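Breakdown of the fold
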Amino acid sequence: MDIQTIRALIHEIPDFPQPGILFRDITPVLADPRALRATVTHMAEALAPHRPEGIVAIESRGFLLGSALAMHMDLPLVLVRKPGKLPRPTQRVSYELEYGSDALEVHVDDVRADTRYAVVDDLIATGGTCRAAIELLRQRNAEVAVVGFLIELEALGGRARLDAPVTSLLLYS
Ligand code: AMP
C-alpha cells in the first residue's frame, strides 16, 4: 500500500479536544491491517538507515506504532510514560506546555547507555513532547539516532526544536 492511501485514511476532526485544534485521528489506520502493516514497513525503512539498537515509544499513541516497529525491526522496546505509571525506579523530565507543564518518565534500567535509539510517536506538532523524550534519553547517556513520526504538522515548526535527525511519513502544512 502506498503512502497516499495511508494518508487518505487519516481523519481530520476540527475543534477536538478543544477549540482551534484540528485533530488527526489515526484509528482508521489501526483498523485496517494492510494500512497498519504498510505504515510500519514504511516507517521502519526510514528508521533503519540510522541503525537504531532500540525503539523508544512515547505514550500513548506512540506505543501502538512503537511496539509494531520493535517487532518488525527485531529491536528492544522502551516505554516513555506520563508520571506515576511506571512501577520501578524512573528518570523524569519536566517540560512546558502552552498552559502549565507536564513530565515524562522512563525506567532507569530500561535505557542502556551508549546505545542508539529511535524515538517514535504518532505525530509531531510543536515538538515539545519529543524534545522532552530526547532529553530523558540523553540524561541516561543514551544516543538518539533518529526520531520518527507517522504525521508531521510542518507549520508548527516542531522539527527545528529537535536536535536529532527527523523522519516523518506524512507531512501536513
Ligand atoms: P507536541 O508536543 O506539540 O509535538 O505534540 C505532540 C503530541 O500531542 C503527540 O503525542 C500527539 O499525539 C499529540 N497531538 C498534538 N497535536 C495533535 C493533533 N492535531 N492531532 C492529533 N494528535 C496531536
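Here, the structure is the one placed above.
Remember, it's a predicted structure, so these values are computed and weren't measured experimentally.

Description of the environment of Ile151
- Relative to the helices and strands, Ile151 resides in strand β8 (residues 143-153).
- Separated by 19 residues in sequence, Ile151 and Leu170 place their C-alpha atoms 4.8 Å apart.
- Apart from residues no more than four positions distant in its own chain, Ile151 is found in contact with Ile10, Arg24, Ile26, Asp122, Leu123, Ile124, Leu170 and Tyr172.

A closer look at helix α5 (residues 128-139)
- Helix length check: α5, at twelve residues, gives a terminal C-alpha distance of 17 Å against a target of 16 Å (1.5 Å per residue), a fit within 8%.
- Listing the buried residues of α5 in full gives Gly128, Cys130, Ala132, Ala133, Ile134, Leu136 and Leu137.
- As for α5, its buried residues are in contact with β3 (54-58), β4 (77-80), β5 (90-96), β6 (101-107), β7 (116-124) and β8.
- Taken from the residues just after α5, Asn141 is the one with a positive phi, measuring 65°.

Focus: helix α4 (residues 61-73)
- If you check α4, its first and last C-alpha atoms are 19 Å apart, about what 13 residues at 1.5 Å a residue would give, namely 18 Å.
- Turning to α4, its buried residues number three or more, namely Gly62, Phe63, Leu65, Gly66, Leu69, Ala70 and Met73.
- Those residues of α4 that are buried lie in contact with α3 (33-47), β3, β4, β7 and β8.
- With its phi angle positive at about 60°, Asp74 sits one or two positions after the end of α4.

Side note on the site of the ligand
- Contacts to the ligand come from 14 residues, most closely from Arg61, Asp122, Thr126, Gly127 and Thr129.
- Asp121 is positioned such that a nitrogen or oxygen atom in its side chain is 2.8 Å from an oxygen atom of the ligand.
- Within the backbone of Ala125, an N or O atom sits 2.9 Å from an oxygen atom of the ligand.
- If the ligand stood free it would expose 490 Å²; the protein chains cover 80% of that surface.
- Broken down by secondary-structure element, the contributors of at least two residues to the shell around the ligand are β2 (22-25), β7 and α5.
- By residue number, the principal contributor to the shell around the ligand is β7, which donates four residues.
- When the residues that make up the shell around the ligand are grouped by side-chain class, the tally is six nonpolar, four polar and four charged.

Here's the deal with the pattern of salt bridges
- Overall, the coordinates contain nine salt bridges when judged by the stated rule.
- Among the ionic pairs, Glu143 bridges to Arg116, the shortest N-O distance being 3.8 Å. With a gap of 27 residues between them, Glu143 in strand β8 and Arg116 in strand β7 connect regions that are remote in the sequence.
- Judged by relative accessible area, which is 38%, Glu143 ranks as partly exposed.
- A salt bridge links Asp163 to Arg138, with the nearest nitrogen and oxygen atoms 3.3 Å apart. Separated by 25 residues along the polypeptide, Asp163 in the loop between β8 and β9 (166-172) and Arg138 in helix α5 bring together distant segments of the chain.
- The exposure class of Asp163 is exposed, given its relative accessible area of 59%.
- By relative accessible area, which is 35% here, Arg138 ends up partly exposed.

Parameters and conventions
- Residues numbered from 1 in each chain as written.
- Predicted model: local features only at pLDDT ≥ 70, side-chain atom pairs only at ≥ 80, totals over all residues.
- Heavy atoms only, no water.
- Helix = DSSP H or I, 4+ residues; strand = E, 2+ residues; numbered from the N terminus.
- Contact = heavy atoms within 4.5 Å.
- Expected span 1.5 Å × (residues − 1).
- Buried < 20%, exposed > 50% of the residue type's maximum accessible area, 1.4 Å probe, protein only.
- Near = heavy atom within 4 Å.
- Polar contact = N/O pair within 3.5 Å; in protein donor to acceptor, adjacent residues only side chain to side chain.
- Areas by Shrake-Rupley, 256 points an atom, 1.4 Å probe, with all protein chains shown as cover.
- Nonpolar A, V, L, I, M, F, W, Y, C, P; charged D, E, K, R; others polar.
- Salt bridge = Lys/Arg side-chain N within 4 Å of Asp/Glu carboxyl O.

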